[in-house]
Amino acid sequence: MAAPIRILTAVPICDGHDSAINTINLEFIRHGVEVIYLGYHRSVGDIVRAAIQEDVCAIGISSYNGGHIEFFAGVVDLLRKKGADDIKVFGGGGGTITHDDAASMKRKGVDEVFFAGTSLDEMVKFVHQRYGKPRTKRPRPKSPRQELAHKLTEIEDGYASGKRKRSTRLRQDYGGQALSKNVRDSKFAIRNSRKARVIGFTGPGGAGKTTLIDELVLRFLNRNPKGRIAILSHDPSVVGEGALLGDRATMINSQNDRVFMRSMATRGQAGGLSPATHDCLALLARSDFDCVIIETVGTGQEAMPFQKDGIVDLTLLVMNPDYGSRLQLQKIVMLDLADVVVVNKSDLQRARTAHTEIEQRLEQNRQSQQLVDTVAKRHRDPGVDKLFELICNRG
Ligand code: B12
Ligand SMILES: Nc1nc2c(ncn2[C@@H]2O[C@H](COP(=O)(O)OP(=O)(O)OP(=O)(O)O)[C@@H](O)[C@H]2O)c(=O)[nH]1
Ligand SMILES: [Mg+2]
């Protein structure tokens, strides 16, 4: 089976009109497209960085507040400058983009502009026709990050087509033995055999995993002025269907040249990760990052996405105080397996009770598990500071 089309969508800087793009995203997803949504108020640099890291076929921009001729052209120019002009640009902005504007934008390299009154059907058809063909002849990567992004696509596409099968010997993968020769020899992607620290985040949908990761990334970047970090983030999807890969929209601090983020759809695999996760993670861990963070999809009680002898060095379970009662706690498998349990949203009313109940539950395990309370959405939260120190100090 061919891999789904992957596109990135965004709204330009100083523009909060996201209602149109939200509707369009949904329609694309319903028609088999994987949409990485970057959110609104995004700069040219942030959009191009994200598109290169995600190695998408195209960028869809929705612009309402003016300046669209310059903004779209800015994206096209920067892609060109970065050697990534195989990533195409299209978009719309209702009545704010005139036909003359659109003609000028097309002359500057924009693929297509959609006007008010265009049906969602027409846009979906356009995306399938224009971006649905496999990208066979790729341009030579101009940077290490671009090469890494292409390799990750090769791995994901390999699984989608059935050419690659899930490796069971993860430790061996990690040592590079299961990686193909061209990946091992790559001038850019694998500079040395240094092992990045791999930290796994899991927990129920909406518990605050991405917000927390973004705050921890901020602390990491401040603490290590030359440090580099990779994030592998998952959202759910069914085989052959589309998906909204939305974690980037929550990220603020991670829009940084020292952060490499890749969003993955689970493509039908249960348990919180994708069939290609382990190979992608192995590649990232052997690249030039100090740390690799992996975020699972929002998981249920039965999930145990990280194997004990696998590639992840430290596992964190991020909980929401509203998990139910003590009885529900007995059923959450990850409470037995996580190295660190985080009660996020501890600004909420039930947080103190949640802390006490989870503490008692962990005491029964008699392992050296740690419990931390955080408010990830609060800037400079002391709980997140404590968690950051704990992660740094725990070997
Ligand atoms: C809804 C709306 C709002 C909502 C936004 C809600 C939200 N979260 O998005 C609210 C009320 C918050 C709002 C606020 C403002 N708005 Co307003 N808003 C609109 C309005 C009425 C509709 C835009 C819309 O969503 N249309 C629905 C979409 C689906 O349809 P469409 O626009 O026709 O788009 C078609 C295609 O272009 C295509 N398309 C669009 N985007 C994309 C992207 C891709 C990838 C693709 C493939 C296709 C595509 O899809 C549609 C298919 O038919 C327009 C006026 C209008 N009638 O267009 C003003 C308008 C855009 N707003 C305007 C202004 C000025 C503002 C404010 C600055 C007002 C103020 N002074 O506070 C603020 C700014 C907010 C901000 N932070 O940026 C002006 C912009 C003027 C300009 N550029 O010169 C407009 C044009 C109103 C006007 N006539 O003055 N706004
Ligand atoms: N009240 C409160 N809200 C928070 C906190 N942290 C995150 N949120 C909000 O919770 C919502 C979900 O946050 P995310 O970080 O996207 O959660 P997630 O666990 O990554 O979600 P999925 O990836 O969809 O599973 C967002 O609206 C956040 O702003 C917190 O500490 N307190
Ligand atoms: Mg998330």
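It should be noted that the structure appears before, not after, this text.
*Asks:* Give a detailed account of the pattern of salt bridges, specifying residues and quantitative values.
*Replies:* Inspection of every chain in the model, using the stated rule, returns 27 salt bridges. In this structure, the salt-bridge partner of Arg262 is Glu156, at a minimum N-O distance of 3.9 Å. Here Glu156 lies in helix H6 (residues 144-161) and Arg262 lies in strand E9 (residues 259-265), a separation of 106 residues in the sequence. In this structure, Arg262 and Glu156 share a single accessibility class: buried. Salt-bridge contacts for Glu156 lead to Arg267; the nearest nitrogen and oxygen are separated by 3.9 Å. One end of the pair, Glu156, is in helix H6; the other, Arg267, is in the loop between E9 and helix H11 (277-285), with 111 residues separating them in the sequence. Arg267 matches Glu156 in its accessibility class, with the two residues each being buried.

*Asks:* Tell me about the coordination of the cobalt atom of ligand 1, and please be specific about residues and values.
*Replies:* Six octahedral donors around a metal ideally make angles of 90 or 180 degrees; four tetrahedral donors ideally make 109.5 degrees. The protein supplies the cobalt atom of ligand 1 with one donor atom, His17 (NE2), which lies at 2.2 Å. Of note, His17 is situated in the loop between strand E1 (6-10) and helix H1 (19-30).

*Asks:* Explain the site of ligand 1 to me, using residue names and the numbers behind them.
*Replies:* The local shell around ligand 1 holds 26 residues, among which Gly16, His17, Asp18, Ser62 and Tyr64 are the closest. At 2.7 Å from a nitrogen atom of ligand 1 is found a side-chain nitrogen or oxygen belonging to Asp18. Note that an oxygen atom of ligand 1 is positioned 2.8 Å from one of the backbone N or O atoms of Ser19. At the level of elements, H1, strand E3 (58-62) and strand E4 (88-92) are the ones that each hand at least two residues to the shell around ligand 1. It is H1 that provides the largest number of residues to the shell around ligand 1, a total of four residues. Residues that form the shell around ligand 1 fall into these classes: 10 nonpolar, 14 polar and two charged.

*Asks:* So what's going on with the site of ligand 2? Residues and values would help.
*Replies:* Contacts to ligand 2 come from 19 residues, most closely from Gly208, Lys209, Thr210, Thr211 and Asp347. Within the contact set of ligand 2, an oxygen atom lies 2.9 Å away from a backbone nitrogen or oxygen of Gly208. At 3.0 Å from an oxygen atom of ligand 2 is found a main-chain nitrogen or oxygen belonging to Ala376. When the free accessible area of ligand 2 is taken as 660 Å², the share hidden by the protein chains comes to 74%. Of all elements in the fold, only helix H9 (209-223) and helix H10 (247-250) reach the threshold of two or more residues within the shell around ligand 2. Looking at which element gives the most residues to the shell around ligand 2, the answer is H9, with three residues.

*Asks:* Describe the coordination of the magnesium ion (ligand 3), naming the residues involved and giving the relevant values.
*Replies:* Here the magnesium ion (ligand 3) is held by Thr210 (OG1), Asp247 (OD) and Glu295 (OE), and the distances to it run 2.0 to 2.3 Å. Donor residues for the magnesium ion (ligand 3), ordered by position in the chain, follow T-x36-D-x47-E. Of this pair, Thr210 sits in helix H9 while Asp247 sits in helix H10, placing them 37 residues apart in sequence. Taking the relative accessible area as the measure of exposure, Asp247 reaches 9% and is therefore buried.

*Asks:* Run through unusual backbone geometry, naming residues and quoting values.
*Replies:* For His41, which is not glycine, the phi torsion reads 55 degrees and is therefore positive. A relative accessible area of 44% places His41 in the partly exposed class. Even without a glycine there, the phi angle at Arg366 is positive, about 50 degrees. Its place among the elements puts Arg366 in the loop between helix H14 (351-363) and strand E13 (370-373). For Arg366, a relative accessible area of 76% puts it in the exposed group.

*Asks:* Lay out the nonpolar core in plain terms, naming residues and giving numbers.
*Replies:* The biggest cluster of nonpolar side chains holds 30 residues, and the ones touching the most others in it are Leu8, Ile47, Ile59, Val75, Leu79 and Ile87. Of all elements in the fold, only E1, helix H2 (44-54), E3, helix H3 (68-81), helix H4 (99-107) and strand E8 (243-245) reach the threshold of two or more residues within this core. The contact partners of Ile87, leaving out residues within four places of it in the chain, are Ala51, Ile52, Val56, Cys57, Ala58, Ile59 and Leu79. Counting 28 residues, the second largest nonpolar core, distinct from the first, contains Ala207, Leu216, Phe220 and Ile391.

*Asks:* Just give me the short version of the sheet that holds strand E2 (residues 34-37), but keep the residues and values in it.
*Replies:* Taken together, six strands build an open sheet; the order of strands is E5-E4-E3-E1-E2-E8 and the sheet is parallel. Edge positions in the open sheet fall to strand E5 (112-114) and E8, since each of these has one partner strand only. Across the sheet, the mean angle from the axis of one strand to that of its neighbour is 25 degrees, orientation sign disregarded. Here four bridges tie E1 to E2, and the two strands are oriented parallel to one another. Considered in E2, the bridge of Arg6 is made with Glu34. Sitting on the sheet, H1 touches E1, E2, E3, E4 and E8, and the angle it makes with E2 is about 155 degrees.

*Asks:* Residues and numbers for the pairing of E4, please.
*Replies:* For a regular strand, the rule is simple: side chains alternate between the two faces of the sheet. The buried count for E4 comes to four of five residues, which makes it a mostly enclosed element. With respect to chirality, the unit in which E3 leads through H3 into the neighbouring parallel E4 is right-handed. Strand direction decides the pairing type here: E4 and E5, joined by three bridges, are parallel. Within E5, the residue paired with Gly91 across the bridge is Val113.

Conventions used here
Residues numbered from 1 in each chain as written. Chains lettered and ligands numbered in written order. Predicted model: local features only at pLDDT ≥ 70, side-chain atom pairs only at ≥ 80, totals over all residues. Heavy atoms only, no water. Salt bridge = Lys/Arg side-chain N within 4 Å of Asp/Glu carboxyl O. Helix = DSSP H or I, 4+ residues; strand = E, 2+ residues; numbered from the N terminus. Buried < 20%, exposed > 50% of the residue type's maximum accessible area, 1.4 Å probe, protein only. Donors = N, O, S within 2.8 Å, 3.2 Å for Na, K, Ca; no water. Near = heavy atom within 4 Å. Polar contact = N/O pair within 3.5 Å; in protein donor to acceptor, adjacent residues only side chain to side chain. Nonpolar A, V, L, I, M, F, W, Y, C, P; charged D, E, K, R; others polar. Areas by Shrake-Rupley, 256 points an atom, 1.4 Å probe, with all protein chains shown as cover. Core = buried A, V, L, I, M, F, W, Y, C linked by side-chain atoms within 4.5 Å. Contact = heavy atoms within 4.5 Å. Pairing = 2+ DSSP bridges. Axes fitted to C-alpha atoms, helices over the stretch in contact; angles between N-to-C directions. Right-handed = clockwise from strand over helix to strand, strands pointing away.

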